[in-house]
Amino acid sequence: MAYGCRVTQTSPGAQRPRALRPAGLATRTAIEDAARSLFAERGFDGASVRAIAAEAGVDPALVIRHFGSKEALFLRTVDTSLGIGTVLDGPLETLGRRLVAYFLDPRRPVIRQRYVALAQAAHHDQVREEMIRHTAETYVGPLAPRLTGPHPELRVALAVAQLGGLLNLLFLQRDPIVTAADPEVVIATYGDAIQRLLTPPDTP
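Residues numbered from 1 in each chain as written. Predicted model: local features only at pLDDT ≥ 70, side-chain atom pairs only at ≥ 80, totals over all residues. Heavy atoms only, no water.

Per an unreviewed UniProt entry, the recorded name for the protein chain is TetR family transcriptional regulator, and the organism is Nocardioides daeguensis.

Before going further, it helps to examine the overall build of the protein chain. What the protein chain contains, in helices and strands, is eleven helices and zero strands. The helix and strand sequence of the protein chain, counted from the amino end, reads α-α-α-α-α-α-α-α-α-α-α. If you take every contact in the protein chain between residues at least 6 apart in sequence, the share linking residues at least 24 apart comes to 68%. Split by element, the accessible area of the protein chain, about 12,100 Å² in all, is 56% carbon and sulfur. (Helix = DSSP H or I, 4+ residues; strand = E, 2+ residues; numbered from the N terminus. Contact = heavy atoms within 4.5 Å. Areas by Shrake-Rupley, 256 points an atom, 1.4 Å probe, with all protein chains shown as cover.)

Tallying each qualifying case throughout the model produces one cavity of 30 Å³ or more. The calculated volume of the largest cavity comes to roughly 50 Å³. Lining the largest cavity we find Leu 99, Tyr 139, Leu 143, Val 156, Ala 159, Val 160, Leu 163 and Leu 198. The greatest single-element share of the lining of the largest cavity, amounting to four residues, is contributed by helix α9 (residues 152–173). Residues that form the lining of the largest cavity fall into these classes: eight nonpolar, no polar and no charged. (1 Å grid on protein atoms, 1.4 Å probe; cavity = no way out; pocket = protein on both sides within 12 Å on 5 of 7 lines; lining within 4 Å. Points joined across faces, edges and corners; volume = space filled by probe spheres on them. Nonpolar A, V, L, I, M, F, W, Y, C, P; charged D, E, K, R; others polar.)

One number sums up the size of the second largest pocket: a volume of about 150 Å³. Every residue lining the second largest pocket is listed: Phe 103, Leu 104, Pro 106, Leu 170, Phe 171, Val 178, Thr 179, Ala 181 and Pro 183. Residues belonging to the lining of the second largest pocket are distributed by class as follows: eight nonpolar, one polar and no charged.

Before going further, it helps to spend a moment on the packing of aromatic side chains. One pass over the structure, following the stated rule, counts five aromatic pairs. Ring plane angle 90 degrees and centroid distance 5.1 Å describe the contact between Phe 39 and Phe 74, whose orientation is recorded as edge-to-face. Separated by 35 residues along the polypeptide, Phe 39 in helix α1 (residues 28–46) and Phe 74 in helix α4 (residues 70–77) bring together distant segments of the chain. When its relative accessible area of 0% is taken as the criterion, Phe 74 is described as buried. Ring centres 5.3 Å apart and planes at 85 degrees place the aromatic pair Tyr 102 and Phe 103 in the edge-to-face group. Each of the two residues, Tyr 102 as well as Phe 103, counts as buried. Ring-pair connections join several aromatic residues into one group, and the members of that group are Phe 39, Phe 44 and Phe 74. (Phe/Tyr/Trp six-rings, centres within 6.5 Å; stacked < 30°, edge-to-face > 60°. Buried < 20%, exposed > 50% of the residue type's maximum accessible area, 1.4 Å probe, protein only.)

Moving on: the nonpolar core. Counting residues in hydrophobic clusters, the biggest one holds 31 residues, and the most contacted among them are Ile 84, Leu 95, Phe 103 and Tyr 139. Broken down by secondary-structure element, the contributors of at least two residues to this core are α5 (85–88), α6 (95–104), α7 (109–121), α8 (125–143), α9 and α11 (183–198). With eight residues, the single largest contributor to this core is α9. Other than its neighbours up to four places away in sequence, Tyr 139 contacts Ile 84, Leu 88, Phe 103, His 134, Ala 144, Val 156, Val 160 and Leu 163. (Core = buried A, V, L, I, M, F, W, Y, C linked by side-chain atoms within 4.5 Å.)

This part is about the pattern of salt bridges. Applying the stated criterion across every chain yields a total of seven salt bridges. Across the pair Arg 36 and Asp 33 runs a salt bridge whose closest N-O atoms are separated by 3.2 Å. In this pair, Arg 36 and Asp 33 both sit in helix α1, three residues apart, roughly one turn of the helix. By relative accessible area, which is 43% here, Asp 33 ends up partly exposed. Between Arg 133 and Glu 137 there is a salt bridge, with its nearest N and O atoms 2.3 Å apart. Of this pair, Arg 133 and Glu 137 both sit in helix α8, separated by four residues, roughly a single helical turn. Its relative accessible area of 35% is what places Arg 133 among the partly exposed residues. Sharing partners across several salt bridges, the network here consists of Glu 130, Arg 133 and Glu 137. (Salt bridge = Lys/Arg side-chain N within 4 Å of Asp/Glu carboxyl O.)

So this is what it looks like as structure tokens:
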């Protein structure tokens, strides 16, 4: 009987497994790049630690060793601000429409990807706490001092809640009425609704 190495036939179209990086070369950068790509492509739930490790070419244990948890890696690699800073810097009197227009802009598909990933991960304490911090530091902190009238912090928080409701309908539920509507009509109608919280009609 002849003995030898067993050879497994691989079909021409089959993808060969990616070789693992040696531990010494498994840098945080490689893991972060893989996580950033997969979280954007698959969302939080669809991007497993094992899939991220495979994309980075490392052992899954190294992902946890470097970052502690999937949630921590997510927060490290996903921009929770959604790039909104420059929009908030403009005139307060037109902020409602500018906010809605920013998120409806078809040239920014990454916004939808990031929002969906954040929404999927929001039930994790670490991610939820980061989102609360983000609302306070990105929206409430800069905007509340610019508002006149009572309860400025509450009004900013409620405006953020209104914006989140729109994003939920657009990107998670994909509501047919909202998604089929003329974007300019949505911007004007919903933007003005948000604006009434920021600059009520009875305030200058």
